[in-house]
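Summary of structural features
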Amino acid sequence: MTTTTPFTTTSPTGTPTLIKGARILGGAVADILLVGGRIAEVGRISAAAEHDVVDADGLVALPGLVDLHVHLREPGREDAETVATGAAAAAAGGFTAVLAMANTNPVTDTAEAAERVLDLGRDTGLVDVQPVGAVTKGLAGEELAELGLMARSRAAVRVFSDDGHCVDDARVMRRALEYVKAFGGVISQHAQDPRLADRNACCHESELSGRLGLPGWPGIAEESIVARDVMLARHTGSRLHIAHVSTAGSVEVVRWAKRQGIDVTAEVTPHHLLLTSDLLASYDPVFKVNPPLRPEEDVRALREGLADGTVDAVATDHAPHARHDKEHAFVDAAFGMVGLETSLPVVSDVMVQSGLLDWAGVARVMSVNPARIARLGEHGQDLVAGSPANVILVDPYAVTTVDRAMSLSLSRNNPWHGRTLTGAVMATYLRGRLTVREGRLA
Ligand SMILES: [Zn+2]
């Protein structure tokens, strides 16, 4: 990324750090003192000799971002991404915690596998990597994975998902919801009825899919599972999360369910907030994603749902792919796109520039809510004395042009390449330590 606004810091990694003159959540201007991994003080603070002073004039301070949905590909596909490269991309994007989906090889369906992902994340020192446990063994949709052992492991897994696959058997879904209730877990559902949208489905089912000759992926394949699962959540009294909602109908169902007091939350991806299905007319596989890009009316409903709180969180579904998996004819290419480094700029562009959300709202949907859904107590906290020093500085007016070659991710399947976006992450602090400055590792 290139940026037009300078950012200065007098020394790269020293502690304590004094951030001077940031706008807290885009509001009042204050100084923030980070000491020993915590926020020591917020207010008017005089610089002392031992302080590493950061000039944050004009920058917005937010709690470190939390991503409920990333694919880091390790173990198994280290040619596409590793935990280390994914963590670097996450830190560059302003994240201090990410949830790593279970569809690796081997699958994260045991306590040992979950602890291994946790440790790989710790080794990076860049971002907290919290493993998501599989709901079913091998993501096969039949037999429950070791949910309790994963929850009691060092990784303390609370989010479970077969993402990439739908838990389509209602009996299995019911049992999973009942099981995780005991330890405050949540099932994150990839809602896709396989009989309505099979593995080949790759284009929003409409006149467009007919014209392009691509297998249709109708909204009802998502909505019918969302509707079924909110009723299962009500029946079990358990906690349900809907991954990557993509249609107006899903937003309607979640809105209704919340009014009934059903314990359901939902996430939307940056790409479903901005990109539309007509991009598929290019047959460019970079736009192939699951669920597929949707038409304008769905995009509008997703933005409105995010603004009014029906949709709780933005999650990237960062899905890096090696060139040889993505560069195929559209129907044969892998599903997914990268998104960690561009998430905040897209949300800024789509939601803040339009007035749908203020910066406090961005903090809510990109940090506070996802941390609460994942039960990550050290993230998504208020920027007040005593909180963990997980803080980012954002330039709300920086104009950036996305350059996929500049990414810290190993993969280049970047649908934002060449786009100009307003709003950029200038610095990320994980427990008081500067991890990234202006898109580069500190
Ligand atoms: Zn998914």
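Here we summarise the structure given alongside this text. (Residues numbered from 1 in each chain as written. Predicted model: local features only at pLDDT ≥ 70, side-chain atom pairs only at ≥ 80, totals over all residues. Heavy atoms only, no water.)

When you line up the elements, M351 lands in helix α11 (residues 343–352). The exposure class of M351 is buried, given its relative accessible area of 0%. Sequence separation between M351 and R303 is 48 residues; the distance between their C-alpha atoms is 7.3 Å. When near neighbours in sequence (up to four residues on either side) are disregarded, M351 contacts R303, L306, A307, V346, L356 and L357. (Helix = DSSP H or I, 4+ residues; strand = E, 2+ residues; numbered from the N terminus. Buried < 20%, exposed > 50% of the residue type's maximum accessible area, 1.4 Å probe, protein only. Contact = heavy atoms within 4.5 Å.)

A word on the pairing of strand β11 (residues 186–189). Both faces of β11 are covered, namely the face carrying V186 and S188 and the face carrying I187 and Q189. As judged from the two bridges shared by strand β10 (residues 159–160) and β11, these two strands associate in the parallel manner. By the bridge assignment for β11, F160 is matched with I187. Since β10 and β11 lie parallel, the crossover through helix α4 (residues 170–181) that links them has a hand, and here it is right-handed. Sheet topology places β11 next to strand β14 (residues 240–242); three bridges connect them, and they run parallel. Within β14, the residue paired with Q189 across the bridge is I242. (Pairing = 2+ DSSP bridges. Right-handed = clockwise from strand over helix to strand, strands pointing away.)

Now for the coordination of the zinc ion. For the zinc ion, every protein donor is listed as D163 (OD), H190 (ND1) and H244 (NE2), and the spread of their distances is 1.9 to 2.3 Å. Expressed as a motif, the donor residue spacing for the zinc ion is D-x26-H-x53-H. You can see D163 sitting in the loop between β10 and α4 and its partner H190 sitting in the loop between β11 and β12 (203–204), a full 27 residues away along the chain. (Donors = N, O, S within 2.8 Å, 3.2 Å for Na, K, Ca; no water.)

Below, the discussion takes up the packing of helix α6 (residues 219–236) against helix α7 (residues 248–259). Interaxial distance between α6 and α7 falls to 9 Å at its minimum, and their mutual angle equals 15°. Between α6 and α7, the crossing angle belongs to the class labelled roughly parallel. Handedness of the α6/α7 crossing: right-handed. Taken together, the residues of α7 that come into contact with α6 (itself represented by E222, E223, V226, A227, V230, M231 and R234) are G249, S250, V253, V254, W256 and A257. In the contact of α6 with α7, the residues fall into eight nonpolar, two polar and three charged. (Axes fitted to C-alpha atoms, helices over the stretch in contact; angles between N-to-C directions. Parallel < 35°, antiparallel > 145°, perpendicular 65-115°, else oblique. Left-handed = near helix turned anticlockwise from the far one by under 90°. Nonpolar A, V, L, I, M, F, W, Y, C, P; charged D, E, K, R; others polar.)

Here the focus is the sheet that holds strand β9 (residues 128–131). Strand order in this open sheet of three strands is β7-β8-β9, and the pairing throughout is parallel. Whereas interior strands pair on both sides, the edge strands pair on one side only; in this sheet they are β7 (65–70) and β9. Averaged over all adjacent pairs, the angle separating strand axes in this sheet is 20°, with direction ignored. Of the strands in this sheet, β8 (95–100) and β9 are in contact with helix α2 (residues 111–124), which crosses β9 at around 170°.

Oppositely charged side chains can form a pair if their charged atoms are brought close together. Under the counting rule described, the total for this entry stands at 17 salt bridges. The salt bridge involving R77 is made with D325; its shortest N-O contact spans 2.6 Å. In this pair, R77 is assigned in the loop between β7 and α1 (83–92) and D325 in helix α10 (residues 323–326), connecting sequence segments 248 residues apart. Of the charged contacts in the structure, one is a salt bridge between E252 and R255, with a shortest N-O distance of 2.6 Å. In this pair, E252 and R255 both sit in helix α7, three residues apart, roughly one turn of the helix. Classification of E252 by relative accessible area gives partly exposed; the value is 45%. Bridged by salt links that share partners, the residues R77, D79 and D325 form one connected network. (Salt bridge = Lys/Arg side-chain N within 4 Å of Asp/Glu carboxyl O.)

Moving on to the environment of L275. On the secondary structure map, L275 appears in the loop between α8 (270–274) and α9 (296–308). For the pair L275 and E296, spaced 21 residues apart in sequence, the C-alpha separation works out to 8.6 Å. Beyond its immediate sequence surroundings of up to four residues, L275 is in contact with F287, L293, R294, V299, P415, W416 and R419.

In short, geometric facts, not functional conclusions.
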